[in-house]
Amino acid sequence: MLRAAPIQVQPAEPGPPPRRCSACVAVFITFVILSGLLFVLVLSAALFGGQKYYVAIDTASGLDPATDLPWPVLTPEFNLTLRVTSWSVVGAACLDPAMDVAVAYRGLALARASPPPRVCARGWGRTEQVPVVASSGNGVRLPGFALQGAEADAGGGAVAVDGALTMPPKGSDNRQQLWCRAVPVGDDGGLGIPCNANSEY
């Protein structure tokens with residue numbers, strides 16, 4: 001009687017272990033970390049953002065090229081609108097009575113305003129504004145180049161002056177000066193351009 005020879009089945013050789021995408025894991029972790037940091041920055045800016053200040057010069061007197069500018073001593077007066085805008089969700093942006101508000105021409109002070117009342121804008125994008133009057137008191141004497149420049153500007157239509165806001169110190173910080181550049185008299189366009197710390201002419 002014939003017997004069938006036993007069939008030996010060779011075990012299959014194990015294949016290579018599955019490759020892990022270590023680079024993919026690293027990219028994913030980096031993406032999560034950067035997304036979290038960006039979220040924190042955006043949230044902080046929204047919750048505790050700063051404020052912007054604006055100045056418009058509604059009317060001015062004492063700068064007439066025929067009756068005022070020929071004299072070395074000027075007595076200008078300006079009706080201003082001060083505006084503050086809040087860029088914070090939970091904080092407030094305020095006009096402080098301790099602020100110093102001045103009007104200048106080519107870096108030379110022309111007039112100073114009485115302290116503004118304290119008003120605050122609360123909420124993202126909210127604004128508050130107040131009128132103030134800036135006057136020169138007993139008058140201001142301008143050097144010849146400034147008078148000639150003012151006459152030339154007035155001959156071209158209007159004298160554009162600068163608003164200067166000096167903020168009160170906070171804690172150990174010094175007073176900060178903000179400039180509102182070349183604000184045309186009688187144009188509320190200054191309320192759309194924020195003042196900044198650049199003092200160069």
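Summarised in this report is the structure supplied together with it. (Residues numbered from 1 in each chain as written. Predicted model: local features only at pLDDT ≥ 70, side-chain atom pairs only at ≥ 80, totals over all residues. Heavy atoms only, no water.)

Considering the state of the cysteines
Under the defined criterion, the tally for this structure stands at 2 disulfides. Disulfide partner of Cys94: Cys120, at an S-S distance of 2.0 Å. Handedness of the Cys94-Cys120 disulfide follows from its S-S torsion of about 105°: it is right-handed. On the criterion of sequence distance, the pair formed by Cys94 in strand β4 (residues 92-95) and Cys120 in strand β7 (residues 119-122) is long-range, its members being 26 residues apart. (Disulfide = S-S within 2.5 Å. Helix = DSSP H or I, 4+ residues; strand = E, 2+ residues; numbered from the N terminus.)

Overview of the pattern of salt bridges
Across all of its chains, the model carries 3 salt bridges by this definition. Where Arg112 meets Asp100, a salt bridge forms, and the shortest distance between an N and an O atom there is 2.5 Å. Taken together, the positions of Arg112 in strand β6 (residues 108-113) and Asp100 in strand β5 (residues 100-105) put the pair 12 residues apart, joining distant regions of the chain. The residue Arg181 makes a salt bridge to Asp162 at a minimum N-O spacing of 3.6 Å. Of this pair, Arg181 sits in strand β11 (residues 176-184) while Asp162 sits in strand β10 (residues 160-167); the two residues are 19 residues apart in sequence, bridging distant segments of the chain. On the basis of relative accessible area, Asp162 is assigned to the buried category, the value being 5%. (Salt bridge = Lys/Arg side-chain N within 4 Å of Asp/Glu carboxyl O. Buried < 20%, exposed > 50% of the residue type's maximum accessible area, 1.4 Å probe, protein only.)

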